[in-house]
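Breakdown of the fold
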Amino acid sequence: DAGVIQSPRHEVTEMGQEVTLRCKPISGHDYLFWYRQTMMRGLELLIYFNNNVPIDDSGMPEDRFSAKMPNASFSTLKIQPSEPRDSAVYFCASSSTVFYGYTFGSGTRLTVV
Amino acid sequence: AQSVTQLGSHVSVSEGALVLLRCNYSSSVPPYLFWYVQYPNQGLQLLLKYTTGATLVKGINGFEAEFKKSETSFHLTKPSAHMSDAAEYFCAVSDQGAGSYQLTFGKGTKLSVIP
């Protein structure tokens, strides 16, 4: 099992550009979570999906952020347009049941200049 | 609603000394409790968990934690710190029960190990 796979590992982009982060969850996991981690705010839940359906997006900071899960093996988090304050590490995690906890990906470090 | 409080955002110990990272939770129903570790530039990795049964749980790398219902605590300990233990540690709680899915994380405690 390759675990949760995120790409890219690092992304540097200019303010105003569109950024797309990608995640492949563990096969068989029906929950997928997107988190953002910063020094100031710590770990924040942005949105989560169950069986590819967005359940709670109340953590998405603004309309510039959107997330999709077109199938059970792929999800994207898009920021358009990006701003310097979006600079953070973005984690994807998946789970089959909370009994086992979550499995996290290695994260995407986003820098917006 | 659940919540987690980790006392001390930064803890320093000497190599070979006892590690104690504190976690208190609130939950209206019996909880599942977790500790995760995050090494620099990596994702969060499950260290150990309490679900049911024995209240003292052992995890990887010599860590253990004890669930104390009366104190609503789940403190993480290791008898002897190693340099490789330097990392950030997160406590998390979830409700037991069918359909439970969401973990609530604490703000993390960064552990430094002094040689």
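Just so it is clear, the structure is predicted and the values come from calculations on it, not from any experiment.

**Here's the deal with the pattern of salt bridges**
All told, the structure shown has 10 salt bridges over all chains when counted by the stated rule. Note that Glu62(A) and Arg64(A) form a salt bridge whose closest N and O atoms lie 2.8 Å from each other. Note on Glu62(A): relative accessible area 24%, which makes it partly exposed. Judged by its relative accessible area of 11%, Arg64(A) is buried. A salt bridge links Asp85(B) to Lys78(B), with the shortest nitrogen-to-oxygen separation between them at 2.9 Å. For the residue pair Asp85(B) and Lys78(B), the accessibility class agrees, reading buried in each case.

**Comments concerning the nonpolar core**
If you look at the biggest cluster of nonpolar residues, it comprises 27 residues, and the most contacted ones within it are Leu21(B), Trp35(B), Leu48(B), Phe74(B), Leu76(B), Tyr89(B) and Leu111(B). Of all the elements in the fold, those that place two or more residues in this core are strand 2 (10–14), strand 3 (19–26), strand 4 (31–38), strand 5 (44–50), strand 7 (64–68), strand 8 (73–78), strand 9 (87–95) and strand 11 (109–114) of chain B. Here Phe74(B) is in contact with Cys23(B), Leu33(B), Phe34(B), Trp35(B), Leu48(B), Lys49(B), Tyr50(B), Val57(B), Ala65(B), Glu66(B) and Phe67(B), once residues within four sequence places are set aside. With 21 residues, the next largest nonpolar core counts Val19(A), Phe49(A), Leu77(A) and Ala88(A) among its residues.

**Remarks on unusual backbone geometry**
Note that the residue after Ser7(A), namely Pro8(A), is joined by a cis bond; omega there is -10°. Here Pro8(A) shows up in the loop between strand 1 (5–7) and strand 2 (10–13). Residues Gln80(A) and Pro81(A) are joined by a peptide bond in cis, for which omega reads -10°. Summarising the element assignment, Pro81(A) is placed in the loop between strand 8 (74–79) and strand 9 (88–95). Backbone geometry at Asn41(B) places phi at a positive 60°, although glycine is not the residue there. Inspection of the secondary structure assignment puts Asn41(B) in the loop between strand 4 and strand 5. A relative accessible area of 58% places Asn41(B) in the exposed class. Phi is positive for Asn61(B), close to 60°, though the residue is something other than glycine. In this fold, Asn61(B) is placed in the loop between strand 6 (56–58) and strand 7. For Asn61(B), a relative accessible area of 42% corresponds to the partly exposed category.

Procedures and definitions
- In this convention, every chain numbers its residues from 1, walking through the sequence in written order.
- Each chain is given a letter, starting from A, and each ligand a number, starting from 1, according to the order in which they appear as written.
- A pLDDT threshold of at least 70 governs which residues receive local features in this predicted model, and a stricter bar of 80 or more applies before side-chain atom pairs are shown or counted, although totals over entire chains, interfaces and linings include all residues.
- Side-chain calculation: all heavy atoms of the structure are included, whereas hydrogens and water are not.
- By convention in these notes, a salt bridge is any Lys or Arg side-chain nitrogen within 4 Å of a carboxyl oxygen on Asp or Glu.
- With a 1.4 Å probe rolled over the protein chains alone, any residue whose accessible area is under 20% of its type maximum counts as buried; one over 50% counts as exposed, and the rest are partly exposed.
- Take the buried Ala, Val, Leu, Ile, Met, Phe, Trp, Tyr and Cys residues and link them wherever side-chain atoms come within 4.5 Å; each set so joined is a nonpolar core.
- Think of it this way: any DSSP run of H or I at least four residues long counts as a helix, any run of E at least two long counts as a strand, and we number them from the N terminus.
- Throughout, a contact is declared for two residues whenever any of their heavy atoms are within 4.5 Å.

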